[in-house]
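Understanding the architecture of this molecule
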Amino acid sequence: MTSPTPNVKNFDLNDDILDELEASLSADRLGTYLTATGGDRAEAVRLYTWNTAVSAAFYGPLQALEIALRNAMNRELTSVYGQAWYDSAKAGLDSGCLKRVDQTKQGLRKDKYPDDAPHVIAALSFGFWVSLLGPGGYIDWKTKTKANYEMTLWRPALRRAFPHATSISRKNVHMPLNFLRTFRNRIAHHEPIFTRHLEKDYESILEIAAWIAPHKRA
């Protein structure tokens, strides 16, 4: 979607209002929209409003996909390595993932929640789950020992998290999910998404949801 036509409430935008909005949003933030609208401040604000509305519309589908993905992956990892699989040396998580698990536990304890498996699983980020579908990074930087997620996570467990996909590989699952991770992060940080192929993003959400559970797509 490269040139959206804003379809939002038609509010009045005089110079005083535009001055105030530009100061509130910041010139840097509004700059992207000004470039897209050829310097027309009123159209830039309308495009900003449209971008906000579309970002909000994507929140539900992305949330549904994240929860379905998390639950499916956790189910399969638990079946192989136990409920606290993230603490199992056999799972072979890299140092980055182990650090995120530790930070998650610390955050739970700080907020007076138990750092048991249900709370840890619920608190781990979308980026964490997507990273488990990557190749894996270093386990030990000093010895240059690398994780091998293909062998420790994908083949014994995670491939079964997508039972309705045909002829998939770890790479073919990781790639679209990693694109959706960056998409989700842009929305979470209130960044422009109007230049993305939003139809493709939505289709990707539906396709991956169908790999996990066809009724989720519907």
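Residues numbered from 1 in each chain as written. Predicted model: local features only at pLDDT ≥ 70, side-chain atom pairs only at ≥ 80, totals over all residues. Heavy atoms only, no water.

**Comments concerning the nonpolar core**
One finds W85, W129, L132, L153, F162 and L177 to be the most contacted residues of the largest nonpolar core, which totals 61 residues. Here this core gets 16 residues from one element, more than from any other, and that element is helix α3 (residues 41–81). In contact with W85, not counting residues within four places along its chain, are N74, L77, T78, A91, L93, I121, F128, W129 and L132. (Core = buried A, V, L, I, M, F, W, Y, C linked by side-chain atoms within 4.5 Å. Buried < 20%, exposed > 50% of the residue type's maximum accessible area, 1.4 Å probe, protein only. Helix = DSSP H or I, 4+ residues; strand = E, 2+ residues; numbered from the N terminus. Contact = heavy atoms within 4.5 Å.)

**What to know about the environment of A91**
Mapped onto the secondary structure, A91 falls in the loop between α3 and α4 (95–110). The class of A91 is buried, set by a relative accessible area of 0%. Between the alpha carbons of A91 and A147 there is a distance of 9.3 Å; along the sequence they are 56 residues apart. Beyond its immediate chain neighbours, meaning those up to four positions away, A91 contacts Y81, W85, T152 and L153.

**Some points on the pattern of salt bridges**
Note that side chains of opposite charge can pair when their charged atoms are close. Applying the stated criterion across every chain yields a total of 10 salt bridges. Between D115 and R109 there is a salt bridge whose closest N-O contact spans 2.6 Å. Under the relative-accessibility criterion, R109 is labelled partly exposed at 42%. A salt bridge links E203 to R217; the shortest N-O distance between them is 3.8 Å. In this pair, E203 sits in helix α9 (residues 198–212) while R217 sits in helix α10 (residues 214–217), placing the two residues 14 residues apart along the sequence. Take E203: its relative accessible area is 41%, and that puts it in the partly exposed class. Judged by relative accessible area, which is 39%, R217 ranks as partly exposed. Beyond isolated ion pairs, a larger network of salt bridges with shared partners links R75, E76 and R160. (Salt bridge = Lys/Arg side-chain N within 4 Å of Asp/Glu carboxyl O.)

**Brief notes about the packing of aromatic side chains**
Scanning all chains against the criterion turns up 11 aromatic pairs. Ring centres of Y138 and W141 lie 4.5 Å apart, and the angle between their planes is 40°; this geometry places the pair in the tilted category. Under the relative-accessibility criterion, W141 is labelled exposed at 53%. Among the aromatic residues, ring-to-ring pairing joins W85, Y86, F128 and W129 into one connected group. The ring of Y138 carries the charged tip of K144 above its face, separated from the ring centre by 5.5 Å. K146 extends its terminal NZ or CZ atom over the ring of Y138, reaching a point 5.5 Å from the ring centre. (Phe/Tyr/Trp six-rings, centres within 6.5 Å; stacked < 30°, edge-to-face > 60°. Lys NZ or Arg CZ within 6 Å of the ring centre and 35° of its normal.)

**Some thoughts on unusual backbone geometry**
Of note in the backbone geometry, K144 takes a positive phi value of approximately 60° without being a glycine. For K144, the location among the structural elements is in the loop between β1 (138–140) and β2 (145–146). Note on K144: relative accessible area 52%, which makes it exposed. Within the chain, S167 stands out as a residue other than glycine whose phi angle is a positive 55°.

**Here's the deal with the packing of α3 against α9**
At a minimum axis distance of 10 Å, the contact between α3 and α9 shows a crossing angle of 20°. On the basis of their axis angle, the class for α3 and α9 is roughly parallel. When you trace α3 past α9, the crossing you get is left-handed. Between α3, through W50, V54, F58, P61, L62, L65, A68, L69 and A72, and α9, the contact on the second element is made entirely by L198, D201, Y202, I205, I208, A209 and I212. Class assignment of the residues belonging to the contact of α3 with α9 gives a composition of 15 nonpolar, no polar and 1 charged. (Axes fitted to C-alpha atoms, helices over the stretch in contact; angles between N-to-C directions. Parallel < 35°, antiparallel > 145°, perpendicular 65-115°, else oblique. Left-handed = near helix turned anticlockwise from the far one by under 90°. Nonpolar A, V, L, I, M, F, W, Y, C, P; charged D, E, K, R; others polar.)

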